[in-house]
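# An overview of the molecular structure
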Amino acid sequence: MAKNRSRWVCSACGAETRGWFGQCPHCGAWNTIAEQASAPAPGRVSLAPAEGQVVSAADAQADAEAARRLTTGIGEFDRVLGGGLVPGSVVLLGGPPGIGKSTLLLQACAGLCRSGHRVLYASGEESVAQVAARAGRLQAREEELLLLAQTRLEPVLERVDEHRPAVLVIDSIQTIYSEAQDGLPGNVTQIRSVASRLVSLAKTAHVPVLIVGHVTKDGQIAGPRLLEHMVDAVLAFDGDEERATRMLRATKNRFGSTQELGVFEMTGDGLREIANPSEAFLAERPGDAIGSCVTACLEGSRPLLLEIQALLGQSPGGSPRRTCVGADPSRLAMLLAVLERHGDLFVLDQDVFVNITGGIRVTEPAVDLAVLLAVASSHLRKPLSSQTLAVGEVGLTGELRRVPRAEARFAEAQRLGFRQVLCPPSRGSGTLKGLKTVEVGSVAQAIDVAFAR
Ligand code: TYD
Ligand code: MG
């Protein structure tokens, strides 16, 4: 029979100790170790049966399925989470200042309220009046959306106890501090201490917690790396400052894929979901333009059509420039070398600019062929047909290689009215519901077909 153990937990950092200590051996805080009745260990969702009990994987799975996710009604947000918020989970939303983190969470909170949940939104950055004004603009003035302006953690936890919300939002981890801990808000020990207490709250009270985290200039979430290990999911929200497009990705997700991409547009009244990003990204594409080629990449489960643009110019100096926006510069260098050796186009002495429109960054090799054809188009000063797209990985010997889930990509191209796709050999050329698949085995062959050389 399982022994009924009690636990000794530090109220400052959430660490468990073997017994009572005057000073916590983990965070160094004094008089913070207290005895607690046996509860699920923090850091794990208590979907599992009691500690020590053995269950079949099939049953455990059924249990996990039964844990109902809370959906925010913002499809793009729920999908990136893996189908909504898991009870008891802690999600960290990181992004540069002004990108729209508070806006996104406020809209998500309103959605949760509309499906009957109570949400507590604690802000250490803005006053209640400011948050309420924004909520008004976002049509998010819901009865069950409780706003709290507070920079101390303890009163926030008291309000959670009092109002029992279904979800807690902390905006942001850098501005909320714990009184049980020394140091200014935002310093490493404060962040660690606040985060671990929020994790404990989520795991013991089953309240999902959404935490906003600012990122530093180099794109890291400010604070200890440990923060990312402590939470269940880390979402990154970013986008171009000049553009209204915003992208949401999971960089860590214990309860879902990290491949999904959510796309939004920042408008005068909040974030609008872009459920059909291919259409949006191709909307401004000029017809039959020189130096342009469309490709289909995969973002999680979703195929996405993108336009690749290239511009070549005589280099004034001895060392030609390579400028990539959204594409990988080292991959471009390789493609230029392949183009010279296997495509008979000498471009190495020219300045090359490559841009992926829509502010998307792509690392998939499946876009190689389109980058190469866009460069070739600019060099030859001949356009590709605007109804043609290209998909394929380019190898160093000038061969074209197959890409994963080609059918899904082709289906997206069909849906948007493309007539022809240049792709590596697989089943033989043919026509699929109006989309002609033209198989090309090498870079030279692809250029010949694309520009009727
Ligand atoms: P915000 O959510 O405050 O960003 P963060 O919390 O990431 O710092 O969003 C700030 C920007 O978004 C601000 O510059 C104004 C703009 N915005 C809109 O364009 N429309 C809106 O409806 C809202 C609420 C904000
Ligand atoms: Mg904010």
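Residues numbered from 1 in each chain as written. Chains lettered and ligands numbered in written order. Predicted model: local features only at pLDDT ≥ 70, side-chain atom pairs only at ≥ 80, totals over all residues. Heavy atoms only, no water.

## Some points on the packing of aromatic side chains
Threshold: Any pair of Phe, Tyr and Trp rings, taking the six-membered ring for Trp, is counted once the centres come within 6.5 Å. Such a pair is stacked with planes under 30 degrees apart, edge-to-face with planes over 60 apart, and tilted for the rest. Secondary structure is summarised from DSSP: a helix means a run of H or I of at least four residues, a strand means a run of E of at least two, and numbering begins at the N terminus for each. Burial classes follow relative accessibility: with a 1.4 Å probe on protein chains only, a residue under 20% of its type's maximum area counts as buried, one over 50% as exposed, and anything between as partly exposed.
Taken as a whole, this structure holds 1 aromatic pair when the rule is applied. Taken together, a centroid distance of 6.0 Å and an interplanar angle of 85 degrees make the contact between Phe237 and Phe264 edge-to-face. With Phe237 in strand E9 (residues 233-239) and Phe264 in strand E11 (residues 261-267), this residue pair connects regions lying 27 residues apart in the sequence. Pair check on accessibility: Phe237 and Phe264 agree, each one buried.

## Observations regarding helix H12 (residues 443-451)
Where we set the bar: Along the arc lie the directions from the helix axis toward the C-beta atoms. Note on definitions: a residue-residue contact is assigned when non-hydrogen atoms from the two residues lie within 4.5 Å.
Those residues of H12 that sit buried are Val443, Ala446, Ile447, Ala450 and Phe451. Mapping the buried residues of H12 onto a view down its axis gives an arc of 100 degrees, with all of them on the same face. Contact partners of the buried residues in H12: helix H9 (329-343), helix H10 (368-380), strand E18 (393-394), strand E19 (400-401) and strand E20 (420-423). The positive-phi residue at the C-terminal boundary of H12 is Ala452, with phi of around 45 degrees.

## Regarding the nonpolar core
So the rule is basically this: The term nonpolar core refers to a set of buried residues drawn from Ala, Val, Leu, Ile, Met, Phe, Trp, Tyr and Cys, joined through side-chain atoms within 4.5 Å. Note that the domain bounds reflect an automated or database-derived domain assignment.
Val354, Leu373 and Val375 are the most contacted members of the largest nonpolar core, which has 47 residues in total. Those elements that provide at least two residues to this core are E11, strand E13 (292-299), strand E14 (302-314), H9, strand E16 (350-356), H10 and H12. Here this core spans two domains, and each of domain 2 (69-275) and domain 3 (280-451) adds at least three residues to it. Contact partners of Val375, with chain neighbours within four places excluded, come to Ala310, Leu312, Leu332, Leu336, Leu339, Val352 and Val354. Grouped together as the second largest cluster of nonpolar side chains are 35 residues, Ile74, Tyr121, Val131 and Val212 included.

## Details of the site of ligand 1
For clarity, the cut-off: Nearness is defined per residue: one heavy atom within 4 Å of the molecule or strand is enough. As used in this structure description, the phrase polar contact means that two N or O atoms lie within 3.5 Å; if the pair is within protein, one of them must be able to donate a hydrogen and the other to accept it, and residues adjacent in sequence are counted only when both atoms belong to side chains. The protein chains shown are the only cover counted for residues, whose accessible areas, like all others here, come from Shrake-Rupley with a 1.4 Å probe.
Close contacts around ligand 1 come from 16 residues, with Gly98, Ser102, Thr103, Thr267 and Gly270 the closest. With respect to ligand 1, the backbone of Ile99 contributes an N or O atom lying 3.4 Å from an oxygen atom. The contact in question runs from an oxygen atom of ligand 1 to an N or O atom on the side chain of Arg134, over 2.9 Å. When ligand 1 is considered free in solution it has 560 Å² of accessible area, and contact with the protein chains removes 73% of it.

## Let's talk about the domain arrangement of the chain
Threshold: The buried area of a pairing is the accessible area, by a 1.4 Å probe, that goes missing from both parts when the two are put together, added over both.
Along its sequence, the chain is organised into domain 1 (1-37), domain 2 (69-275) and domain 3 (280-451). Using only C-alpha atoms to locate each centre, domain 2 and domain 3 end up separated by 38 Å. Tallying the contact residues gives 15 residues for domain 2 and 11 residues for domain 3. Here domain 2 and domain 3 share an interface that buries about 980 Å² over both sides, 44% of which is from carbon and sulfur atoms. Per-residue buried area on domain 2 facing domain 3 is highest for Arg243, Arg249 and Leu261; these three make up 36% of the total on that side.

## Remarks on unusual backbone geometry
Of the consecutive residues Asp171 and Ser172, the connecting peptide bond is found in the cis state with omega at 5 degrees. Secondary-structure assignment places Ser172 in the loop between strand E7 (167-171) and helix H6 (188-205). Even without glycine at this site, His206 takes up a positive phi of about 60 degrees. If you trace the backbone, His206 turns up in the loop between H6 and strand E8 (209-214). Residue His206 is classed as partly exposed on the basis of its relative accessible area, which comes to 38%.

## A short note on empty space enclosed by the protein
Spelled out, the test is: Think of a 1 Å grid over just the protein atoms. A cavity is a set of points where a 1.4 Å probe fits yet cannot get out, a pocket is an open set with protein on both sides within 12 Å along at least five of seven lines, and lining residues have an atom within 4 Å of a point. Grid points are joined across faces, edges and corners, and a volume is the space filled by probe spheres set on the points. Here the nonpolar group is Ala, Val, Leu, Ile, Met, Phe, Trp, Tyr, Cys and Pro; Asp, Glu, Lys and Arg are the charged ones; every other residue, Gly included, is treated as polar.
The full count for this structure, using the stated rule, is 2 cavities of 30 Å³ or more. Of the voids in this model, the largest cavity is the one considered here, and its volume is about 70 Å³. Along its surface, the largest cavity is lined by Arg285, Pro286, Gly287, Asp288, Ala289, Ser292, Cys293, Val294, Leu384, Ser385, Ser386 and Thr388. Of the residues forming the lining of the largest cavity, the biggest block, 3 residues, is contributed by E13. Split into classes, the residues belonging to the lining of the largest cavity amount to 5 nonpolar, 5 polar and 2 charged. Looking at the second largest cavity, its volume works out to about 50 Å³.

## Some details on the sheet that holds E7
Let me state the cut-off plainly: Strands are treated as partners if at least two bridges between them are detected by DSSP. Between the N-to-C directions of two axes lies an angle of 0 to 180 degrees, each axis being a line fitted to C-alpha atoms and, for a helix, fitted only over the stretch in contact.
As summarised here, the arrangement of the 9 strands in space is E6-E5-E7-E8-E4-E9-E10-E11-E12, forming an open sheet in which the pairing is mixed. Taken across any chain shown, the strands that pair with only one partner, and hence form the sheet edges, are strand E6 (145-149) and strand E12 (270-273). The sheet shows a mean angle of 25 degrees between the axes of neighbouring strands, direction not considered. Two strands pair when backbone bridges link them, and strand E10 (residues 245-253) and E11 are joined in this way by 5 bridges, in the antiparallel orientation. Within E11, the residue paired with Arg246 across the bridge is Phe264.

## A look at the side chain of Glu307
Spelled out, the test is: Counted as positive: Lys and Arg. Counted as negative: Asp and Glu. His and the chain ends are not counted at all. Should a side-chain nitrogen of Lys or Arg be within 4 Å of a carboxyl oxygen of Asp or Glu, the pair is scored as a salt bridge.
The residue Glu307 is located in strand E14 in this model. With no salt bridge to any partner, buried Glu307 finds its closest opposite charge in Arg285, at an N-O distance of 5.2 Å. Only 3.1 Å separates the side chain of Glu307 from the side chain of Gln309, close enough to count as a polar contact. Setting aside residues up to four positions removed in sequence, Glu307 forms contacts with Leu282, Arg285, Pro286, Ser292, Cys293, Val294, Asn355, Ile356 and Thr357.

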